[in-house]
Amino acid sequence: MRLAGVARIVGLSLVAGSWTSAAEDIVAVLESSFIAKNQATMARLQQDAVQEVCSAPRGTPVEETVLSELRQQRLDAVVLPADGVFLGDWQRGAEVAGNGRGLQSSDDPTKPNGGNCYACHQLAPDEVAYGTLGPSLTGYGARGQSEPMLRYTWTKLWDTHAYNLCSHMPRFGAQGILSEQQLRDVMAYLLDPASPVNQTKQ
Amino acid sequence: MAGRIKIRAQKKGDITEVKALMRHPMETGMRKDEAGEAIPAHFITEVAVFHGDQTVMQGHWGAAVSANPFLGVRFEGGEPGDTVRVTWEDNQGGTGEGQTTIR
Amino acid sequence: MPRGYGVKTVFLWSVCLALSLGAARVPADGVFDQYRDLMGDDNPAVFVIDEGEELWFTAQGPKSATLEACDLGLGSGVTAGAYVRFPRYFADTNEVMDVEARLVHCMTTIQGRDLESVTAKPYSLRGDLGTEIEALVTWLAAESEGETIAPEQTHAAEREMYVLGEEIFFYRAGPHDFSCATCHEQSEMRIRLQSLPDLTSHAGAANAWGSWPAYRISQGLVRTMGWRMRDCFRQQRWPELQMGSTTSIALQTYMAVNAAGGVMSAPGLKR
């Protein structure tokens, strides 16, 4: 354990009214404060463009051009399913939605990751153990399965920042958290009329 | 530390209410440590509550009781100033004891 | 509740919690609320408080010394009301320190103990009865019971630590892009059924800062704020936070300053 010296002045530099982080200083602090554990490597502390832009402390403005360029980049980078098949099996999707494991230092890297959707969202109306960080998705299937709706839903799962930059939701496709098949299964959990998400509460 | 018990005993109407908090890991023997080795079972097997010389309650416990068990007992009778004692034994031969007076 | 028969009626209730840590189909806290009701004012942490106090007054290390000469900011050996002034700057180390870092400093300098061995196992594994540092932190928190949370912010280093803490709080990283703010910058939210304090606000921060360290029923152990943050980062898919590190001190400064004015009531009792 290293006891740190007096912290260097880490401030927020404001450039023409927008926020940029004192990125180098903070990375040095983080690197001295953490150690790698199992699959949670120190490389995870390096930020990509989305993370860097979306780390502004609340209330500090980010330039609008920066935001819209990044949003467009994220949209352009979305990978739709190669065979055009968006929907998988909702029963497997339910498992993905309820599984909170994957990518933690305490997780088995040989097992599939979960999506942990219930951490933040209400889904099947009979499941009471749901979080409220995200909006309720109960009855999502009422939106139908038009091509635009399938692409929109896929894109939200793949990389929510394509539509909603700096949302709290993880990038399940872009960050490789879920496989293409798992994403299809979650799509079915949301959109299949037979899925519990689209049944009435018992 | 193994062996400690914090006891409170209070007269409420005709009933004496005893609350005892015991310090014990209550290890089930089913868990594995970081090296994958089974952690040896270590739990209270016998617990008893005494009012003076009388045995008020005897219990046989097992691995299902959680760590640092909390025991509550009510019995008829008892007067402020009387002694209440709680004892336990565990599967590894350890013992614990504590006593208090009824308030 | 059933009634018994006979001259001496014995009614017995004991708490057998076969705890499963998966999401339960019960209202928030459910069985833990029952446990709290039965416990009343009791808390298994009382044992850990006693153990911490004993450790403070136990001679240890090559210098065979107790920790009574340890200065926690209010003078040598003064423990009452010290916890609520942390994190704070110490001239003798020229650093801002949290309670854990300060205890480690006292153990190594006053008691002459080896840094590696003192920090090798800062936090218990489940099934342990607690580590030395956890017990000492618990006792020290209890020594500030009822006091007003008032971390020192007079020294420039202390104020810089707050700014650093805020920046780290919002720093998104890892495969899930999680920061502390992901869960703790909004009020009235919950993850599954666990309510989440808004640590950017005074009320949320005061509630959180004032109730840790806490006996975690599901763990059978008292856990410190340092442990809680380490476990947060694990769930954020980050690497492992080190006890007494700059990040740990900075985040605690951010929380404690936001909590300033609130009341210390630890160790608490949590699921």
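Right, let's walk through the structure included here.

## A closer look at the overall build of chain B
Of the regular secondary structure elements, chain B holds zero helices and seven strands. When its helices and strands are written in sequence order, chain B yields β-β-β-β-β-β-β. C-alpha extents for chain B along the principal axes are approximately 55 × 20 × 20 Å. The 103 residues of chain B split such that 47% are buried. Counting every atom, chain B has about 5,000 Å² of accessible surface; 46% of that belongs to carbon and sulfur. In chain B, the 12 positive side-chain charges and the 14 negative ones have mean positions that sit 9 Å from each other.

## A few points about empty space enclosed by the protein
Residues and elements named next belong to chain C. Summed over all chains, the structure comprises two cavities of 30 Å³ or more. Space inside the largest cavity adds up to approximately 70 Å³. Forming the boundary of the largest cavity are Tyr-83, Phe-86, Pro-87, Asp-98, Val-99, Glu-100, Val-137, Trp-209, Thr-224, Met-225, Gly-226 and Gln-252. Sorting the residues of the lining of the largest cavity by element identifies helix H3 (99–109) and helix H9 (225–235) as the ones contributing at least two each. A class-by-class count of the residues in the lining of the largest cavity yields seven nonpolar, three polar and two charged.

## Considerations on helix H2 (residues 45–56) of chain C
A rise of 1.5 Å per residue sets the reference length of H2 of chain C, with its 12 residues, at 16 Å; its end C-alpha atoms lie 17 Å apart and thus fit the reference within 8%. Close packing links the buried residues of H2 of chain C with strand S1 (5–12) and strand S2 (15–22) of chain B together with H3, helix H5 (132–142), strand S6 (214–216) and strand S7 (221–223) of chain C.

## What about the interface of chain C and chain A?
Across the contact, 57 residues belong to chain C and 62 residues belong to chain A. Buried area between chain C and chain A, both sides added, is near 5,200 Å², and the carbon and sulfur share of it is 56%. In terms of surface lost to chain A, no three residues of chain C exceed Tyr-171, Arg-172 and Arg-192 of chain C, which account for 16% of the buried area on that side. Between the two partners, chain C and chain A, sit two salt bridges. In this structure, the salt-bridge partner of Arg-171 of chain A is Asp-177 of chain C, at a minimum N-O distance of 2.7 Å. Here the side of chain C that touches chain A gets eight residues from one element, more than from any other, and that element is helix H6 (residues 156–169) of chain C.

## Here we look at the side chain of Asp-159 of chain A
Residue and element names in this part refer to chain A. Along the polypeptide, Asp-159 turns up in the loop between helix H5 (147–158) and helix H6 (180–191). A distance of 2.7 Å separates the side chain of Asp-159 from the side chain of Arg-74, its partner in a polar contact. Apart from the residues lying within four places of it in its own chain, the contact partners of Asp-159 are Arg-74, Arg-171 and Ala-174.

## Considerations on the pattern of salt bridges
In the structure shown here, the tally under the stated rule is 26 salt bridges over all chains. Glu-17 of chain B is the salt-bridge partner of Arg-74 of chain B, the closest N and O atoms lying 3.3 Å from each other. Of this pair, Arg-74 of chain B sits in strand S5 (residues 70–76) while Glu-17 of chain B sits in strand S2, and the two are 57 residues apart along the sequence. The class for Arg-74 of chain B is partly exposed, based on a relative accessible area of 27%. Ionic pairing is found between Glu-51 of chain C and Arg-23 of chain B, a salt bridge with its closest N-O pair at 2.9 Å. A residue pair is termed interchain when its members come from two chains, as with Glu-51 of chain C in helix H2 and Arg-23 of chain B in the loop between S2 and strand S3 (44–51). Taking the relative accessible area as the measure of exposure, Arg-23 of chain B reaches 1% and is therefore buried. Salt bridges here are not isolated pairs; linked through shared partners, they connect Arg-4 and Lys-6 of chain B together with Asp-50 and Glu-54 of chain C.

## Section: the environment of His-24 of chain B
Note on placement: His-24 of chain B falls in the loop between S2 and S3. C-alpha separation for the pair His-24 of chain B and Arg-4 of chain B, spaced 20 residues apart in sequence, amounts to 8.3 Å. Residue contacts for His-24 of chain B: discarding those within four places in its chain leaves His-42, Phe-43, Ile-44, Ala-67, Asn-68, Pro-69, Trp-88 and Asp-90 of chain B together with Leu-129 of chain C.

Rules of the game
- Residues numbered from 1 in each chain as written.
- Chains lettered and ligands numbered in written order.
- Predicted model: local features only at pLDDT ≥ 70, side-chain atom pairs only at ≥ 80, totals over all residues.
- Heavy atoms only, no water.
- Helix = DSSP H or I, 4+ residues; strand = E, 2+ residues; numbered from the N terminus.
- Buried < 20%, exposed > 50% of the residue type's maximum accessible area, 1.4 Å probe, protein only.
- Areas by Shrake-Rupley, 256 points an atom, 1.4 Å probe, with all protein chains shown as cover.
- Lys, Arg positive; Asp, Glu negative; His and termini not counted.
- Charge placed at Lys NZ, Arg CZ, Asp CG, Glu CD.
- 1 Å grid on protein atoms, 1.4 Å probe; cavity = no way out; pocket = protein on both sides within 12 Å on 5 of 7 lines; lining within 4 Å.
- Points joined across faces, edges and corners; volume = space filled by probe spheres on them.
- Nonpolar A, V, L, I, M, F, W, Y, C, P; charged D, E, K, R; others polar.
- Expected span 1.5 Å × (residues − 1).
- Contact = heavy atoms within 4.5 Å.
- Buried area = accessible area lost by both parts, 1.4 Å probe.
- Salt bridge = Lys/Arg side-chain N within 4 Å of Asp/Glu carboxyl O.
- Polar contact = N/O pair within 3.5 Å; in protein donor to acceptor, adjacent residues only side chain to side chain.

Read these as geometric descriptors, not functional statements.
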